[in-house]
Amino acid sequence: NWGQRFVWMEHAQWQGYPLSDMIFPTFLFCVGMSMSISFHKKESQRQIYFQWFKKVVKRTLLLILIGLLLNGFPSYDLTNLRFPGVLLRIALCYFIVANLWVFLKYCKAKNTEFYLLLISAIILVLYDMLRYYVPVSDMGITGDAPNSSWPVILDQKIFGVNHLWSYGLFEGKVTYDPEGLLSTLPACFNVILGFVIGVFYEKKRNLYSLQFLFCLVITLLIIVLVLDYYAIVPSIKKIWTSSFALLSGGFSLVIFVFIRILGASVQTTKYILYPKLVYGSNAILAFIISTLLTSIFDMPIGDTSIRKAGYQFYTLFIPDQKWSSFLFSLTFLLLLFIGLNYLYQMEIFLKV
């Protein structure tokens, strides 16, 4: 029951940084790190740059196609089909960062990770300058307004309001999409940060130390606190402001450092993290199945649906509605894990 959730599971209405808003940026961080490791292997195989580019384009288009098919399921109402989405953002971030890397390699640039970070910093600064210093036509300087800021207006003009997220409401009207087009640019920072950490892992072990990573976390969080506390750049996930990009990047690093410490100090780490391996090795498939099942669970069956029936079943034993909803969600994850674990044991992985 979406109406019965614990406070810590809620997304920010606009400004803020609850725990749930850190999930998607951390996935982008993982995308970046896996890209770095994969590209390092390709580089050692001396593949031609044009071949890399073709693979990048193919993977991008395939992710976009899957995203649109999921957005439209099950009715496929093309007049109201949502164009932006999670997979679209992943695809575009992947496309941008991968081609930046290919371009830098083609130019034989040394220290590609430095140039990637520099480019991401420039993107964040320009994104903020656009919102705070460039007036929107007939509206003036709109900053971070949920109904008239640059990322919101461009999504409305490019996609049309009827093709945006139906829950992106301001004063009862759809105005924004949290995975919009312009706000995808600052989201590239999270991918680049993961990419750079992957470079440290593959090539620069001295920068892969826990001490250096911890210092990087502190630096990012200090910058965010200054930007957010003094209202220079508020942290807003819905339009992925630069302070949110830095904050979520720092959060991802905190989790990453914690996992490294856990792996070094706990002998049973492989058992503790085993569910992560199962989900992570088939992450796209897990996302596809869960998205499809969510829609199927909401299909009406007489006067009810699978979701309502399941939720009501739990309320028979657990009066607290939030706990009933939470445990039903855990059951959903467990069922998904059983199927994915079978595929993991059989070494069957969906590669896009």
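Everything that follows concerns the structure shown earlier in this document.
Overview of the structure.

**A look at the pattern of salt bridges**
Here's step 1: Counted by the stated rule, this structure contains 8 salt bridges.
Here's step 2: With a closest N to O distance of 2.3 Å, Glu113 and Lys204 form a salt bridge. Separated by 91 residues along the polypeptide, Glu113 in helix H4 (residues 112-133) and Lys204 in the loop between helix H6 (184-202) and helix H7 (210-229) bring together distant segments of the chain.
Here's step 3: Among the residues examined, Glu113 registers a relative accessible area of 8% and is labelled buried.
Here's step 4: One salt bridge in this structure joins Arg131 and Asp128, with 3.0 Å as the shortest N-O distance. With a gap of 3 residues between them, Arg131 and Asp128 both fall in helix H4, about one helical turn apart.
Here's step 5: When salt bridges that share partners are traced, they join Arg82, Asp177, Glu179 and Lys237 into one network.

**Observations concerning the packing of aromatic side chains**
Here's step 1: Across all of its chains, the model carries 28 aromatic pairs by this definition.
Here's step 2: For the pair Trp323 and Phe326, a centre-to-centre distance of 5.7 Å together with 80° between the ring planes defines the contact as edge-to-face. Of this pair, Trp323 and Phe326 both sit in helix H13 (residues 321-345), 3 residues apart, which is roughly one turn of the helix.
Here's step 3: Since its relative accessible area comes to 41%, Trp323 is described here as partly exposed.
Here's step 4: Chaining the aromatic ring pairs together yields one cluster made of Tyr274, Tyr279, Phe337, Tyr344 and Phe349.
Here's step 5: A cation over a ring is seen here: Arg131 above Tyr127, with NZ or CZ 4.6 Å from the ring centre.
Here's step 6: Against the face of Tyr132 rests Arg131, its NZ or CZ located 4.9 Å from the ring centre.

**Details of the layout of surface pockets**
Here's step 1: Empty space within the second largest pocket amounts to approximately 270 Å³.
Here's step 2: Contributing to the lining of the second largest pocket are 16 residues, with Ala121, Leu124, Val125, Asp128 and Ser242 lying nearest its centre.
Here's step 3: At the level of elements, H4 and helix H8 (242-265) are the ones that each hand at least two residues to the lining of the second largest pocket.
Here's step 4: Examining the composition of the lining of the second largest pocket, we find that 10 residues originate from one element, H4, more than from any other.
Here's step 5: Across the lining of the second largest pocket, the residue classes break down as 13 nonpolar, 2 polar and 1 charged.

**Regarding the nonpolar core**
Here's step 1: Formed by 54 residues in total, the largest nonpolar core has its most connected members in Met35, Phe195, Ile197 and Leu253.
Here's step 2: Looking at this core, the elements that each hand over two or more residues are helix H1 (23-44), helix H2 (49-72), helix H3 (86-106), H4, H6, H7, H8 and helix H11 (283-297).
Here's step 3: Sorting elements by how many residues they give to this core places H6 first, with 11 residues.
Here's step 4: Contacts of Met35, omitting those with residues within four sequence positions, involve Tyr94, Val97, Ala98, Val191 and Phe195.
Here's step 5: By size, the runner-up hydrophobic cluster in this structure holds 10 residues, among which are Trp14, Ile153, Leu182 and Ile239.

**Overview of the packing of H11 against H13**
Here's step 1: Where H11 meets H13, the axes come as close as 11 Å, and the angle between the chain directions of the two elements is 135°. The angle between H11 and H13 places the two elements in the oblique class. The two elements H11 and H13 cross, and the hand of that crossing is right-handed. Packed against H11, whose contacting residues are Leu285, Ala286, Ile289, Ser290, Leu293, Thr294 and Phe297, the element H13 presents Phe328, Phe332, Leu336, Leu340 and Leu343 at the interface.
Here's step 2: Taken together, the residues that form the contact of H11 with H13 break down as 10 nonpolar, 2 polar and no charged.

**A closer look at the side chain of Asn99**
Here's step 1: Tracing the backbone shows Asn99 in helix H3.
Here's step 2: Apart from the residues within four sequence positions on either side, Asn99 is in contact with Phe53 and Val56.

**What to know about H13**
Here's step 1: Its 25 residues give H13 an end-to-end C-alpha distance of 36 Å, which sits within 8% of 36 Å, the value for a rise of 1.5 Å per residue.
Here's step 2: By the burial criterion, the buried members of H13 are Ser324, Ser325, Phe326, Phe328, Phe332, Leu336, Phe337, Leu340, Asn341 and Leu343.
Here's step 3: Looking at the buried residues of H13, the elements they touch are helix H10 (274-281), H11 and helix H12 (306-315).
Here's step 4: Taking the backbone nitrogen of Lys322 as reference, a side-chain oxygen 3.0 Å away marks Asp320 as the first, capping residue of H13.
Here's step 5: One or two positions beyond H13, positive phi appears at Glu347, with a value near 60°.

**Some points on the packing of H6 against H7**
Here's step 1: Close contact between H6 and H7 brings their axes to 13 Å; oriented N to C, the two are set at 160°. Regarding the angle of H6 to H7, the classification is roughly antiparallel. For H6 against H7, the interelement crossing comes out right-handed. Together, Phe189, Leu193, Ile197 and Phe200 of H6 and Phe212, Leu213, Leu216 and Leu220 of H7 make up the contact between the two elements.

**Concerning the state of the cysteines**
Here's step 1: Under the defined criterion, the tally for this structure stands at 0 disulfides.
Here's step 2: With no disulfide of its own, Cys107 lies 19 Å from the sulfur of Cys188, the closest cysteine sulfur.
Here's step 3: Cys188 takes part in no disulfide bond, and the closest cysteine sulfur to it belongs to Cys93, at a distance of 4.0 Å.
Here's step 4: Taking relative accessible area as the criterion, Cys188 reaches 1% and is therefore assigned buried.

Rules used in this analysis
Residues numbered from 1 in each chain as written. Predicted model: local features only at pLDDT ≥ 70, side-chain atom pairs only at ≥ 80, totals over all residues. Heavy atoms only, no water. Salt bridge = Lys/Arg side-chain N within 4 Å of Asp/Glu carboxyl O. Helix = DSSP H or I, 4+ residues; strand = E, 2+ residues; numbered from the N terminus. Buried < 20%, exposed > 50% of the residue type's maximum accessible area, 1.4 Å probe, protein only. Phe/Tyr/Trp six-rings, centres within 6.5 Å; stacked < 30°, edge-to-face > 60°. Lys NZ or Arg CZ within 6 Å of the ring centre and 35° of its normal. 1 Å grid on protein atoms, 1.4 Å probe; cavity = no way out; pocket = protein on both sides within 12 Å on 5 of 7 lines; lining within 4 Å. Points joined across faces, edges and corners; volume = space filled by probe spheres on them. Nonpolar A, V, L, I, M, F, W, Y, C, P; charged D, E, K, R; others polar. Core = buried A, V, L, I, M, F, W, Y, C linked by side-chain atoms within 4.5 Å. Contact = heavy atoms within 4.5 Å. Axes fitted to C-alpha atoms, helices over the stretch in contact; angles between N-to-C directions. Parallel < 35°, antiparallel > 145°, perpendicular 65-115°, else oblique. Left-handed = near helix turned anticlockwise from the far one by under 90°. Expected span 1.5 Å × (residues − 1). Polar contact = N/O pair within 3.5 Å; in protein donor to acceptor, adjacent residues only side chain to side chain. Disulfide = S-S within 2.5 Å.

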